[in-house]
Amino acid sequence: MSGREKEKKYLIFCEDASLGYDNQAIIEHFYFQVAAGDYVCVVGENGSGKSTLLKTILGLIKPVKGEVVLDDAIRQGAIGYLPQQTQIQRQFPASVMEVVLSGFLNRKRKSPFFRADEKKIAWKQLKKLGMEQFANACYANLSGGQQQRVLLARALCAAGAILVLDEPATGLDPMAAESLYENLEMLHEEGMAVVMVTHDIRSAVSQADYILHLNDGDYFYGSVEKYMDSEYSDIFSDRK
Amino acid sequence: MDSIVEMFAYPFIARAFIVGILVSLCAALLGVSLVLKQYSMIGDGLSHVSYAALCIALACNAAPLFVSIPIVVCAAFLLLRMTEKGFMKSDAAIAVVSASALAIGVSVTSLTTGMTMDVSSYMFGSILVMTREDVILSVFLSVVVLFLFVFFYHQIFTVTFDENFAKATGVKTGFFNSMIAILTAVTIVLGMQMMGALLISSLVIFPSLTSIRLFRSFRGVVLCSGCLAVVCFCIGMVISYQSAMPAGASVVLVHLAAFCLFFLLQHLIKITGNQ
């Protein structure tokens, strides 16, 4: 376990908690911290508890035991979440701008309209991801990689300091996945913390600072270097 | 033109126009969310429940709207819960609920009053059944539906587009889903007397399905659906008056024509765009 220095500012802090559903723990004695600016990749097989972990971080379910402490800056709602795409979205008649602006709905609002500064920020996020020329395009007509970048811009509108991504490269061709990772790297360099569930262990190892590997109730959490030396990385490379 | 002026001389037609325009508008707006969430058939299921409720009200000699609104709202909740909890797929749940409701309605009728003119008018709709009280209640409830839709427009968008994201960012998705279901239930009950149990769901489905052919933004689809609903209703009513057809049927046929027109335009645009 690395970096438990007290002076570090943790966005997510979780000590000896048990995560799961309906009083059924999937992961027990779970120690997990994410500091501001960390890049964490979560890997593991289906059913190992990746989505349980994400839902707990997002505040959709409560830990079975103990608690997951979120920093004031990212109380529920201020997390930029990029969920897996649904079938409905692929043919949804919505303009890119409409999608991106919906990221602001986490804020308390007095008026049912978006403010001018919110529109400006939404525009800026699109521009940052190289999507500003598509602001008025139809979301459903974009390519998979472009759609994912639109959803990333929406997540940025909601995000305070942390992005949570659920297998963002699913369904993307290798080029599009690569450019999505480049975008994430850029955001990470700007100081955004990233927690990403992924199947792509190679890019996880090459990009992340820390790896969380969930495996059948057991887990490894530590820096990439330590992960490569541990037996956990062997399990994965054997499977490849 | 003269015949249109003459039409409005009948107070029941004026009443039908007021209620019809408001109900069509509500149904079309809610329909955008329902169609996109692939809940199109919920309107059909609820209309059958509404039919059963009206039969019961008739048998007990109670005011139809006051009996059926609570029953249909409960049914809407039930349908939503059943599918949300994964107890049943939504299409199966709706099929079960609508068939059962229809059976209850028919049984109640045959045990009590028998198939009267009133009962058959609930099946296929009649503009003659609207009373003044119905009109007042319809106007009031339609205004509530429209207000809530406009006020929560963005929340409805995000809940429709991406429920997981909405939930994670703290939008109360359960609340908004229930709200859409309740508003749909109210709209269905209001429109049913005029359009008929078998045809009312088309007011929910047709406008958005038609708009999606040509419009590629959510706002565009919503606005176009609203306009289509009003225009198609008015044309349908005029046709109904002049050819003595039931209003519900002619409104649905106008909607069908609009759908075909938009469908053709969509393909025309595609072809000319490719050249």
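These remarks concern the structure in this document. (Residues numbered from 1 in each chain as written. Chains lettered and ligands numbered in written order. Predicted model: local features only at pLDDT ≥ 70, side-chain atom pairs only at ≥ 80, totals over all residues. Heavy atoms only, no water.)

Evaluated as defined, the whole model comprises 25 aromatic pairs over all chains. Between tyrosine 10 of chain A and phenylalanine 13 of chain A, the aromatic rings sit 5.3 Å apart at their centres with planes inclined by 45 degrees, giving tilted as the arrangement. By relative accessible area, which is 18% here, phenylalanine 13 of chain A ends up buried. Aromatic side chains phenylalanine 152 of chain B and phenylalanine 175 of chain B sit 6.4 Å apart centroid to centroid with 80 degrees between the ring planes, which places their arrangement in the edge-to-face category. (Phe/Tyr/Trp six-rings, centres within 6.5 Å; stacked < 30°, edge-to-face > 60°. Buried < 20%, exposed > 50% of the residue type's maximum accessible area, 1.4 Å probe, protein only.)

Counting from both sides, the interface comprises 27 residues of chain B and, opposite them, 34 residues of chain A. Both sides together, the interface formed by chain B and chain A hides about 2400 Å², and carbon and sulfur atoms give 67% of it. Taken as a group, Phe161, Phe165 and Arg216 of chain B account for 31% of the area that chain B buries against chain A, more than any other trio of residues on that side. On inspection of chain B and its partner chain A, the count reaches one salt bridge. (Contact = heavy atoms within 4.5 Å. Buried area = accessible area lost by both parts, 1.4 Å probe. Salt bridge = Lys/Arg side-chain N within 4 Å of Asp/Glu carboxyl O.)

Glancing now at helix H8 (residues 153–161) of chain B. In terms of residue burial, H8 of chain B counts as a mostly covered element, since nine of its nine residues are buried. Taken as a whole, H8 of chain B has its buried residues at Tyr153, His154, Gln155, Ile156, Phe157, Thr158, Val159, Thr160 and Phe161 of chain B. (Helix = DSSP H or I, 4+ residues; strand = E, 2+ residues; numbered from the N terminus.)

Another aspect to go through is the sheet that holds strand S2 (residues 24–35) of chain A. Residues and elements named next belong to chain A. If you trace the three strands from one edge of the open sheet to the other, you get S2-S1-S4, paired in antiparallel fashion. At either end of the open sheet lies a strand with only one pairing partner, and these are S2 and strand S4 (68–70). On average, adjacent strands in this sheet sit at an angle of 20 degrees to one another, irrespective of strand direction. Relative to S4, strand S1 (residues 10–21) is paired through three bridges, and the arrangement is antiparallel. Looking at S4, one finds that cysteine 14 is bridged to valine 68. Contacts from helix H1 (residues 50–57) reach S1, S2 and S4 within the one sheet, and its direction differs from that of S1 by about 125 degrees. (Pairing = 2+ DSSP bridges. Axes fitted to C-alpha atoms, helices over the stretch in contact; angles between N-to-C directions.)

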